[in-house]
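Descriptive analysis of the structure
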Amino acid sequence: LGAAADKLAIPQLLSCIARAGTRPGSEAVRWSAGELGRRLSDLASEDLAAIVAHLDTRPPAGASGEFDGLVAKAKAELISRDGALEAHHLVRLLGSIKRRDDELWIMVRKQLLTRKNLSAPQILEVCRLLH
């Protein structure tokens, strides 16, 4: 795609990888994942959180780990930024946390502790992780 690749907007790439669950073998999905991996520094923290939540909690069937690198890089970038996220982004990330000593949990927990307006379903998601 060459020069055309630089012109693809981040939302277009994110939209394409959102199809990873149904089309993991798609060349466009794989290419978009690779392109997003190269452009992580251009993504908003909310977009990084969406990538992690979508691909890590529902890995594409038949992808055999092709998206693991993108998820790991997106997690690392998100943690390094320690950027403020809205409550719904924080709650979506809970499914990606494997252990309580996970650096992602440390970042998410720090932000959740400052929230006074979590909804009942959001509180239940936090409780599920802690249980």
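Throughout what follows, the structure given in this document is the object of discussion.

Reading the values: the criteria
Residues numbered from 1 in each chain as written. Predicted model: local features only at pLDDT ≥ 70, side-chain atom pairs only at ≥ 80, totals over all residues. Heavy atoms only, no water. Buried < 20%, exposed > 50% of the residue type's maximum accessible area, 1.4 Å probe, protein only. Helix = DSSP H or I, 4+ residues; strand = E, 2+ residues; numbered from the N terminus. Arc of directions from axis to C-beta. Lys, Arg positive; Asp, Glu negative; His and termini not counted. Salt bridge = Lys/Arg side-chain N within 4 Å of Asp/Glu carboxyl O. Contact = heavy atoms within 4.5 Å. Core = buried A, V, L, I, M, F, W, Y, C linked by side-chain atoms within 4.5 Å.

1. Here we look at helix α2 (residues 10-17)
Every buried residue of α2 is listed here: Ile 10, Leu 13, Leu 14, Cys 16 and Ile 17. All buried residues of α2 lie within an arc of 160° about the axis, which places them on one face of the element.

2. What about the side chain of Asp 102?
Take Asp 102: it is sitting in the loop between α6 (87-93) and α7 (103-112). Nearest to the buried, unbridged Asp 102 among oppositely charged side chains is Lys 75, at 4.6 Å. Not counting residues within four places of it along the chain, the set of residues in contact with Asp 102 comprises Ser 96 and Ile 97.

3. A few points about the nonpolar core
Formed by 33 residues in total, the largest nonpolar core has its most connected members in Leu 36, Ile 51, Leu 93 and Val 108. Elements that contribute at least two residues to this core include exactly α2, α3 (27-38), α4 (45-57), α5 (68-81), α6 and α7. For Ile 51, the residues in contact, after removing those within four places along its chain, are Leu 14, Ile 17, Leu 36, Leu 43, Asp 56, Leu 70 and Ala 74.

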